[in-house]
Structures are given as C-alpha cells and as structure tokens.
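Per-entry structural report
Listed here are the chains, written in short residue letters.
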Amino acid sequence: MLRTPSAVREAERHTAHNYHPLPVVVSSAEGAWLTDVDGRRYLDCLAGYSALNFGHRHPQLIEAAHAQLDRLTLTSRAFIHDQFADFCRELAELCGKDLVLPMNTGAEAVETGIKVARKWGYQVKGVAPGQANIVVAEGNFHGRTTTIVSFSTDEDARADFGPYTPGFTVVPYGDLAALTAAIDENTVAVLLEPIQGEQGVVIPPEGYLPGVREVCTERNVLFIADEIQSGLGRTGATFACDLEGVVPDMYLLGKALGGGIVPVSAVAANSDVLGVLKPGQHGSTFGGNPLACAVATEVVRLLATGDFQRRSAELGERLKAGLEALLGKGVVAVRVRGLWAGVDIDPALMTGRQACERLMERGVLAKDTHGSTIRLAPPLVITADEIDHAIAQLAAVLAG
Ligand SMILES: Cc1ncc(COP(=O)(O)O)c(C=O)c1O
C-alpha cells in the first residue's frame, strides 16, 4: 500500500493552510533528484525557489555544515565568532561592495534594505523627518511581513492584513517614464526585482534596468536590487543585474546563500550606505550565526569559481530552445534567463496547477503561479539530458 495518501493527510492535519503543496511527500534527495516516502523519484525543477541552486546536499556544503556542527553553532552577535570575518569579506568581494549585513530570511533582508534606505534618506540625503518614500513595482514579490505586503499588488498577499505601512509608491514594472515621474525630493530608494520571479519570471524591457540606474544616480536615490531569487547564479550570471551591466547601490540576497541547508540572507552595499546603521538600530539573534556563515562562505566560494554561472548560461540555452519548441503546442509564451523559465500554458488546455500535477505524475516537480504559468528553476547541477527529460515530460503533459 502506498504511504503517500496518509502522509499527505497527516501533514495537513495540524498545520495552518497557508500553502497548497503538491501531494508529494519527499523523504530524501541528492543533486537534482528527490525521492518520496514510496520510493518514487522526481526531477526537482523548482529547487526551493532558487534556494537549492547548488542541488540537494552539495558535498562541499554538507561537509562545511557537518564540520561546523561539531565545533560551534550559535553565539548571537553579542560575541564575534571565527566564521564571521571570512563570510563577510568574501561575500562583499563577490558583490563588489564594502560591507554586508547578514540576516536569515529574504523578507528580513528586504526589511533591512528599507530601514537602511530610510535612515540614509534622513541622515545623508536630508529628507524631512517622516517623509521618506520608496518607489516599487507592480507585480512585485519581496516577502510576507506587514510592511512588505503593504506595497504588494497581489490581493491574496495583501488583503485583510492592514493597517498598511505608508511610504511606498507603486509604478508599472518596466515603465521607466512612470518610475521617473514617481520620484520626488523625498524618494530615498527604488526597490525592484531585476526579474520578477513570483510574477512568472517577468523580464523587463531591454534598457530598463540601466535607465533605472541612471535616474537613481541623477536624482540621488538608492537603487535596491532584490536578487533574493534571481541572484547567485540562477540567470547565468552572479546577479541578474550583471546581464544588463547594472550595479545597484544595494543587493538583497537570500535563498541560495544558505546552500539549501540553513536560512541565510544578507544586504550588501558600500559604507556610505550601510554605514548609517549604528549599534542597537538593527539586528537578529540568528543573523550571521556560525553555522550559517560556514555554509554561506562555501556558497560564495562555489560562486567565485564562475562554474555555476557558466553552467546556468549554457544549459539555459538548451532549456530555452526546448521550451520554445513547445510554442503553439500548448504553450503560449516562454521567458527564459539562464536556468529560470516562466512558461505560460494555454488556459484553454489546463491550469498551471493541473500542468504541475500531471508533471508530478510523470516524475517532474515544478510550481505554478498566477493561474496558467508554470515556473521552472532546476538546480544548476542539472544535466543536459535531465533538461531534455523535463521538457519531454512537459510536452507529453500538454499533448494530453
Ligand atoms: C524576490 C524575492 N524577495 C524576497 C523573498 C522573500 O524571501 P523569504 O521567503 O526567504 O522571506 C522572495 C521569496 O520568494 C523573493 O522571491
């Protein structure tokens, strides 16, 4: 008898229903492959929304975690530990910035970015007290805190969680004129995803990000790039901003930084920006803990080789070609950057959820978003043959 149905029921019994997972119960994983409680294997084409860029249980990361578990796991930031300096220096170098501020989840990195931008606005730019505003984009996804959902345009994420935090102006994504018009003397930052992941891997028009960079420089406004999902190799470059030759004032990082083992996020910026924070003004008990730093330092070292970025760029071409071949065969649009794809399924055929359920039956795990879109974001260790396999399964699902 299969264990999955009862394991799904048990998993749902004592939890709030704030997720609607696919009915698969995973018990082990390696590289790009997952195994469920009934021994069935699945190709992971979601990779924890990019948190597993290096695959499940990458040997170098697991070794670092094991070694650290045997020595020291937590100190709080009241004391300094011996993993901290290397992590901060190596991540700052990867980002080309002076300083980093480690936190845990992506939402915390976003909150940190907002706080730093506001303080910078008051102390450096000279914005009048309480007047700072930040320009954000329609269709954004930056996390789930009360402040962050205050400027979400997704009703599911936002409705009934007010009163909302003021100080945000929402403009259409990809529209440089609208963004420029929204900036006033109290604007301290523009906060954007260089590619909108949750929205369905939405890529802005060419020239948009360089245009944002230019207007931010001209108007003395910080450009904050939320690279929590797009960064750290996913798009075929270290940062999605690199693809457009753009350097933001602040990078927000998370997900893959923790190597799929621990939650690690960070803000990276120069000292004229991050230097506005003084003791007592921001922090987190777990931020920058020894285990997190040990794992994340190895993540940075994996990225410093450039191998994962190259792999993502090269295999991304294969993924793109394979998906484009499905246009008109159940697929109405595809958007691909590196090993990251948004695939719009013909809504007349099936929903994104149905497509993912049928893919699951064929041993491929992916995630739908916004009705008829599915997102593919396999671990960057996936092979060419495995990409072909995933595309063949999608073709079979669409052919019915
Ligand atoms: C672009 C972006 N920012 C922030 C977040 C929030 O990260 P977390 O879920 O770790 O709080 C996400 C999560 O999906 C994201 O995609």
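Residues numbered from 1 in each chain as written. Predicted model: local features only at pLDDT ≥ 70, side-chain atom pairs only at ≥ 80, totals over all residues.

Split by domain assignment, the protein chain resolves into domain 1 (4-57 + 307-399) and domain 2 (72-304). Look at where the C-alpha atoms of domain 1 and domain 2 centre, and you get two points 27 Å apart. Taken together, the contact between domain 1 and domain 2 spans 26 residues of the former and 24 residues of the latter. Elements with a contribution of two residues or more to the side of domain 1 that touches domain 2: α2 (47-50), α12 (307-324), β12 (341-345) and β15 (373-376). The element that contributes the greatest number of residues to the side of domain 1 that touches domain 2 is α12, accounting for five residues. Tallied by class, residues from the side of domain 1 that touches domain 2 come to eleven nonpolar, twelve polar and three charged. (Domains from an automatic or database assignment. Contact = placed C-beta atoms within 7 Å. Helix = DSSP H or I, 4+ residues; strand = E, 2+ residues; numbered from the N terminus. Nonpolar A, V, L, I, M, F, W, Y, C, P; charged D, E, K, R; others polar.)

Next up on the list: the site of the ligand. Every one of the 15 residues lining the ligand counts as a neighbour, but Gly106, Ala107, Gly143, Ile228 and Gln229 are closest to it. With three residues, the top contributor of residues to the shell around the ligand is helix α5 (residues 106-125). Among the residues forming the shell around the ligand, the class breakdown is five nonpolar, seven polar and three charged. (Near = placed C-beta within 6 Å.)

We now examine the nonpolar core. Among the nonpolar cores identified, the biggest contains 112 residues, and Val190, Leu222, Ile224, Leu252, Ala266, Val267 and Val295 are the most heavily contacted of them. Considering each element in turn, this core owes the most residues, nine residues, to helix α11 (residues 290-304). For this core, the two domains that each supply at least three residues are domain 1 (4-57 + 307-399) and domain 2 (72-304). If near-sequence neighbours (up to four positions away) are discounted, isoleucine 224 is found in contact with Gly113, Ala117, Ala189, Val190, Leu191, Pro248, Asp249, Met250 and Leu252. (Core = buried A, V, L, I, M, F, W, Y, C linked by C-beta atoms within 7 Å. Buried ≥ 20, exposed ≤ 12 C-beta atoms within 10 Å, placed from the backbone.)

This part takes up the packing of helix α4 (residues 84-95) against α11. At a minimum axis distance of 9 Å, the contact between α4 and α11 shows a crossing angle of 30 degrees. Put simply, α4 runs roughly parallel to α11. Crossing of α4 over α11 shows left-handed handedness. Contacts between α4 and α11 involve Phe84, Asp86, Phe87, Glu90, Leu91 and Leu94 on the former and, on the latter, Cys293, Ala296, Thr297, Val300, Arg301, Leu303 and Ala304. Residue composition of the contact of α4 with α11, grouped by class: nine nonpolar, one polar and three charged. (Axes fitted to C-alpha atoms, helices over the stretch in contact; angles between N-to-C directions. Parallel < 35°, antiparallel > 145°, perpendicular 65-115°, else oblique. Left-handed = near helix turned anticlockwise from the far one by under 90°.)

To continue, consider the sheet that holds strand β11 (residues 331-336). In sheet architecture, strand pairing relies on hydrogen bonds along the backbone and comes in two forms, parallel and antiparallel. Pairing in this open sheet of four strands is antiparallel, and the strands run β11-β12-β15-β14 from one edge to the other. At either margin of the open sheet sits one strand with a lone partner, and together these are β11 and β14 (367-369). Put simply, the sheet's adjacent strands are angled 25 degrees from each other on average, direction ignored. With five bridges joining them, β11 and β12 adopt antiparallel strand pairing. (Pairing = 2+ DSSP bridges.)

In this fold, valine 136 is placed in strand β5 (residues 133-137). Between the alpha carbons of valine 136 and lysine 119 there is a distance of 18 Å; along the sequence they are 17 residues apart. Sequence-distant contacts of valine 136, defined by excluding residues within four places in its chain, comprise Phe151, Phe168, Val170 and Leu191.

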